[in-house]
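Results of the structural survey
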Amino acid sequence: MKFYISTTGIKRVTISTTNSSAKGSTVATRRVNRRAVFPVVLLLSIVLPFLFVRIAFLVLESASACNSSLDCIGWRLLGGSETSLLREELTRALVEAREGHDTNDGDYRREGSTESFDVLVNEMTMNQQDIKTFAFRTKAMLSMMELKVQSAREQESINWHFASHGVPKSLHCLCLKLAEEYAVNAMARSHLPPPEYVSRLTDPSFHHVVLLTDNVLAASVVISSTVQHSTNLEKLVFHIVTDKKTYIPMNAWFAINPIKSAAVEVKGLHQYDWSHEVNVRVKEMLEIHRLIWSHYNDNLRNANFQQEDAHGRSLEALTPSCLSLLNHLRIYIPELFPDLNKIVFLDEDVVVQHDMSSLWELDLNKKVVGAVVDSWCGDNCCPGKKYKDYLNFSHPIISSNFDHDRCVWLYGVNVFDLEAWRRVKITANYHRWLKQNLNFGMELWQPGAHPPALLAFEGQVHPIDPSWHVGGLGYRPPQAHNIKMLGDAAVLHFSGPAKPWLDIGFPELRSLWNRHVNFSDKFIRKCRIMG
């Protein structure tokens, strides 16, 4: 057979057949329409290159996995989508790995932990292991990585804990230098306040501010910032309550750095003459808190911390505030100041940015405490935490009396009506809840002084404007869009572990606190307290 195509264009196709056994030749000529041939040629020009490339890729992919390239190509061409089959096989292997026994995981871990996914892929390729082995080894590698991450987070929490509750060398130095000054300088031993201001200490017409602290530098910042922004300075009376070891340096600091026009009283706990009944109740309170501390300390040692938040809650039991006498004596403020009716309480880690005079004029509607409850951080957001973050709602006595999703009121900037406090017996209610917690195996709340206070003050909280108190600045720095909020806030509260006087304090916030430190003072310079 001979096949002729005209070179002048596809106008005619001639097919001739020659039979060698015949004497003559029979020539058959057929004319084929070019409209029928052109699409066929065009289709072949498209399909043939695609088939060639596809076959080439299949040959390359199957070179290391198949004994016969032709067999693999035939299976892939005729057997459908290999992607779907591969997906199904991989899914089955992963499910088996997930549901596999822990003993199998141990076997794969004992074979040697793979440090990276690339190494694992190389080993699987070189050894030509099946996909099930790949799935089990991947699971073992990820499990090992999860354990390492969890261990690193636990160690970070412990390091953060110790860093946040240690006493910096500079602050220790400041107390020692002031104690030396107290011994050699008569002015440092001056009784505070001066005699002309003593009558103000019990006068209800003055604005009384209470601090319970053993941190001299922090107390100086609180008072300095309050005085700087006060428009009615001569009305201010500061009451600083401290422990016996800090009384001497605290008195020395404010004696040699007097506040003009304002009265400052420094009083040590050893100078209070309480009744036997009050002393017994205070000792009982401290003993119960010590038992709670011991309970959670034992949990910390014995727990394996499968949940990261459980680790944080147990570490919270080790904070000094859980055993601090000054921290727990907040609930005894009416006994500390029996002659006062209304006070503003400030924590040691706050900075005042606006005049606070209007707080003493605030009507609490017969409630005991005025505190920030509503959110300054937007809708469906609490400025602090929620009740479920402090209380154990799996216990019926808690779940039946409190709403787990409520926002807690914030300690740190509070107005206390001491008359109402005494009338509704807040302190006695506090002790009742402490005994309840002891009777229920110390499982009603998490460690700390705030949870029992939430229970004792239930129904006695009057919300105040959120701008009075912006807290949580010791947990994380604010977002860029919240910087203006910091400037508008009346009081900034560095609640949380990253206090501004510590090395772990956030640099972008430390300047808000440092501006009220007297860096020109000779004791500050000697102790190298740097801004």
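Conventions adopted
- Residues numbered from 1 in each chain as written.
- Predicted model: local features only at pLDDT ≥ 70, side-chain atom pairs only at ≥ 80, totals over all residues.
- Heavy atoms only, no water.
- UniProt positions renumbered as here; feature names shortened; annotations may be inferred.
- Salt bridge = Lys/Arg side-chain N within 4 Å of Asp/Glu carboxyl O.
- Helix = DSSP H or I, 4+ residues; strand = E, 2+ residues; numbered from the N terminus.
- Buried < 20%, exposed > 50% of the residue type's maximum accessible area, 1.4 Å probe, protein only.
- Polar contact = N/O pair within 3.5 Å; in protein donor to acceptor, adjacent residues only side chain to side chain.
- Contact = heavy atoms within 4.5 Å.
- Axes fitted to C-alpha atoms, helices over the stretch in contact; angles between N-to-C directions.
- Left-handed = near helix turned anticlockwise from the far one by under 90°.
- Phe/Tyr/Trp six-rings, centres within 6.5 Å; stacked < 30°, edge-to-face > 60°.
- Lys NZ or Arg CZ within 6 Å of the ring centre and 35° of its normal.

With an unreviewed UniProt entry as reference, the protein is termed Hexosyltransferase, source organism Salix dunnii. Annotation of the protein in UniProt includes, under Subcellular location (unreviewed entry), the sentence "Golgi apparatus membrane". Of the comments in the UniProt record for the protein, the one headed Sequence similarities (unreviewed entry) reads "Belongs to the glycosyltransferase 8 family."

**Focus on the pattern of salt bridges**
Under the counting rule described, the total for this entry stands at 9 salt bridges. One salt bridge connects Glu284 with Lys435, and the closest N-O pair in it is separated by 3.8 Å. Within this pair, whereas Glu284 is found in helix H10 (residues 276-302), its partner Lys435 is found in helix H17 (residues 426-439), the two being separated by 151 residues in sequence. Glu284 sits in the partly exposed class, given a relative accessible area of 31%. For Lys435, a relative accessible area of 40% translates into the label partly exposed. In the salt-bridge network here, residues are joined through shared partners; they are Asp214, Asp243 and Lys245.

**Considerations on the side chain of Gln353**
Its place among the elements puts Gln353 in the loop between strand E7 (350-352) and helix H14 (357-360). Here Gln353 falls in the buried class, since its relative accessible area comes to 13%. From its side chain, Gln353 meets the backbone oxygen of Leu486 in a polar contact 2.7 Å long. If near-sequence neighbours (up to four positions away) are discounted, Gln353 is found in contact with His229, Leu486, Gly487, Ala489, Ala490 and Leu492.

**Some words on the packing of helix H8 (residues 216-228) against helix H9 (residues 244-256)**
Following both chains from N to C, one finds H8 and H9 inclined at 35°, their axes separated by 10 Å at the closest point. In this structure, H8 meets H9 at a crossing whose hand is right-handed. Every residue of H9 that contacts H8 at Val216, Ala219, Ser220 and Ile223 is listed here: Thr246, Pro249, Met250, Trp253 and Phe254.

**Some remarks on the environment of Pro249**
Note that Pro249 resides in helix H9. With a relative accessible area of 4%, Pro249 lands in the buried category. The spatial distance from the C-alpha of Pro249 to the C-alpha of Leu174 is 8.1 Å, given a sequence separation of 75 residues. Ignoring any residue separated from it by four or fewer positions in sequence, one finds Pro249 in contact with Cys175, Leu178, Ala179 and Val216.

**A few points about the packing of aromatic side chains**
By the definition in use, this model includes 12 aromatic pairs. An aromatic cluster is present here, built from Phe345, Trp409, Tyr411, Phe416, Trp421 and Phe457 joined pairwise through their rings. In this structure, Lys267 packs its charged tip against the face of Tyr272, placed 4.3 Å from the ring centre. In this structure, Lys385 is placed above the aromatic ring of Tyr390, and the distance from its NZ or CZ to the ring centre is 5.6 Å.

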